[in-house]
Amino acid sequence: MSEAGSHITPRSLAGKTALVTGASRGLGLAIAEALVERDVRVAMLARAGDSDPGEATNKTGKLAEEAARLGERASAIQADVADPDSVRSAFAEAAKLFDGRLDILVINAGVAELARVEDLADHELTAQLDTNLLGAMYCCREAVPLLRAAKGGQVVMISSTTVNDPYPWMTVYAATKAALENYAVSLRRELAEQGTRVTVLRCGPAWTNFNASWDPERAQVAYQEWEAGGYPGWAGAMDPAIVGLTVARTLELPEQACAELLEIDPTAAAPTEPASRT
Ligand SMILES: NC(=O)c1ccc[n+]([C@@H]2O[C@H](COP(=O)([O-])OP(=O)(O)OC[C@H]3O[C@@H](n4cnc5c(N)ncnc54)[C@H](OP(=O)(O)O)[C@@H]3O)[C@@H](O)[C@H]2O)c1
């Protein structure tokens, strides 16, 4: 083995094509931004995106606005990952946009409901399974031939550190992420022959609107219980751009290696308030 070092350089992503789910705000938007900065053509997928999930706003606004802000390399594709027909149409649109190939798929769209098991409404339970798990599966199913056409490509799945240490109040969410990680392992094995690399990125807390729709009273009780139980909670959280940078750097790894499982957590230096929430 020769000395480790400078003969290994990051792979250029310039000219590659990517589809990022849940890209109208939060981590997905930060990932799309990091890719556009590296001259990647990015299809940004979301249902449409309220400007603020708490407000009734123009439903087509946020996603289109953000894609326009990122410039000509970014395109908005309006779709619901929980609906297989919507996913089929979205990938057909992406295939047209990218001449039938896809180099990068980022499975990021996700939702979490905060409730005790006995209090979860049917729609709260199914929304998490349909978006976080089935949504990922619908997207991967459509992406496989496009990745193959790109001579391999890469898939990044955004998971959560709740998988390590499943929280009370987020039982279904943590279960969907654990199942997603399991799916990622068999997907990696299944697609190894076509040269597709699959990475799981387990994220700790980041400042996004992820918890904006949580009922404040429930949240207060949950936070107290998490603190008492020693769960990480939300004392400090990362800037979403850090997650964008992590994904981009991972995609820049040369083809001879696959980062199979990464974890990123806030340190004591992480901000205790968001700079701004996108
Ligand atoms: N923030 C954190 O602390 C944290 C920590 C660990 C893991 N994560 C994971 O990171 C991912 C992104 O979360 P975030 O914090 O960025 O949340 P966020 O700010 O709420 O953003 C979620 C994104 O997903 C989209 N989305 C939700 N449901 C969708 C659906 N059915 N179809 C298409 N798009 C959908 C949303 O747009 P529309 O509503 O317009 O569809 C939005 O663009 C999630 O998978 C989450 O589990 C987050």
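Residues numbered from 1 in each chain as written. Predicted model: local features only at pLDDT ≥ 70, side-chain atom pairs only at ≥ 80, totals over all residues. Heavy atoms only, no water.

**Observations regarding the overall build of the protein chain**
- Along its length, the protein chain carries 7 helices and 7 strands.
- Scanning the protein chain from its N terminus toward the C terminus, one meets helices and strands in the order β-α-β-α-β-α-β-α-β-α-β-α-α-β.
- Within the protein chain, the fraction of its 278 residues that count as buried is 49%.
- Contacts in the protein chain between residues at least 24 apart in sequence constitute 76% of all its contacts with a sequence separation of at least 6.
- When the accessible surface of the protein chain is totalled, it reaches about 13300 Å², and 50% of it is carbon and sulfur.
- Of the side-chain charges in the protein chain, 25 are positive and 38 negative, and the distance between the mean point of each set is 8 Å. (Helix = DSSP H or I, 4+ residues; strand = E, 2+ residues; numbered from the N terminus. Buried < 20%, exposed > 50% of the residue type's maximum accessible area, 1.4 Å probe, protein only. Contact = heavy atoms within 4.5 Å. Areas by Shrake-Rupley, 256 points an atom, 1.4 Å probe, with all protein chains shown as cover. Lys, Arg positive; Asp, Glu negative; His and termini not counted. Charge placed at Lys NZ, Arg CZ, Asp CG, Glu CD.)

**Brief notes about the sheet that holds strand β3 (residues 74–78)**
- Across the sheet, which stays open at both edges, the 7 strands sit in the order β3-β2-β1-β4-β5-β6-β7 with parallel pairing between neighbours. The outermost strands of the open sheet, each flanked by one partner alone, are β3 and β7 (261–264). The sheet shows a mean angle of 20 degrees between the axes of neighbouring strands, direction not considered.
- Where strand β1 (residues 17–21) meets strand β2 (residues 41–46), 5 bridges bridge the pair, whose relative direction is parallel. Paired with Ala18 across the strands is Val42, a residue of β2.
- Each of β2 and β3 touches helix α2 (residues 61–70); the most contacted strand, β3, lies at about 165 degrees to it. (Pairing = 2+ DSSP bridges. Axes fitted to C-alpha atoms, helices over the stretch in contact; angles between N-to-C directions.)

**Some points on unusual backbone geometry**
- Unusually for a residue other than glycine, Asp99 sits at a positive phi of about 55 degrees.
- With respect to the secondary-structure elements, Asp99 resides in the loop between α3 (84–97) and β4 (104–107).
- For Trp169, which is not glycine, the phi dihedral falls at a positive 80 degrees.
- As for its position among the elements, Trp169 is in the loop between β5 (154–160) and α5 (171–191).
- Given the relative accessible area of 7%, Trp169 is considered buried.

**What about the environment of Ala136?**
- You can see Ala136 is positioned in helix α4 (residues 122–149).
- By relative accessible area, which is 2% here, Ala136 ends up buried.
- For Ala136, the contacting residues outside a window of four places in its chain are Ile107, Thr131 and Leu180.

**Some remarks on the packing of aromatic side chains**
- Tallied over the entire structure, the rule returns 3 aromatic pairs.
- For the ring pair Tyr223 and Trp226, a centre distance of 5.5 Å and an interplane angle of 55 degrees mean the geometry is tilted. With a gap of 3 residues between them, Tyr223 and Trp226 both fall in helix α6 (residues 216–229), about one helical turn apart.
- Grouping aromatic residues by their ring pairs yields a cluster made of Tyr167, Tyr223 and Trp226. (Phe/Tyr/Trp six-rings, centres within 6.5 Å; stacked < 30°, edge-to-face > 60°.)

**Quick word on the packing of α4 against α5**
- Taken N-terminus to C-terminus, the directions of α4 and α5 make an angle of 15 degrees; their axes are 9 Å apart at the nearest point. Considered as vectors, α4 and α5 are oriented roughly parallel to each other. Note that α4 runs across α5; the crossing there is right-handed. On α5, the residues that touch Leu125, Gln128, Leu129, Asn132, Leu133, Ala136, Met137, Cys140 and Val144 of α4 are Val172, Tyr173, Thr176, Ala179, Leu180, Tyr183, Leu187 and Leu191.
- The class makeup of the residues in the contact of α4 with α5 is 14 nonpolar, 3 polar and no charged. (Parallel < 35°, antiparallel > 145°, perpendicular 65-115°, else oblique. Left-handed = near helix turned anticlockwise from the far one by under 90°. Nonpolar A, V, L, I, M, F, W, Y, C, P; charged D, E, K, R; others polar.)

**Some thoughts on the environment of Val81**
- With respect to the helices and strands, the residue Val81 is situated in the loop between β3 and α3.
- Residues Val81 and Met137, 56 residues apart in the sequence, show an inter-C-alpha distance of 9.2 Å.
- Residues in contact with Val81, not counting those within four places in the same chain, are Thr21, Leu45, Val87, Ala109, Asp130, Thr131, Gly135, Tyr138 and Cys139.

**Some remarks on helix α1 (residues 26–37)**
- When the terminal C-alpha atoms of α1 are compared, their 17 Å separation across 12 residues agrees well with the 16 Å that a helix rising 1.5 Å per residue should span.
- Most of α1 is tucked away, with 10 of its 12 residues classed as buried.
- Looking only at α1, the buried set comprises Gly26, Leu27, Gly28, Leu29, Ala30, Ile31, Ala32, Ala34, Leu35 and Val36.
- Positive phi appears at Asp39, one or two residues downstream of α1, with a value of about 65 degrees. (Expected span 1.5 Å × (residues − 1).)

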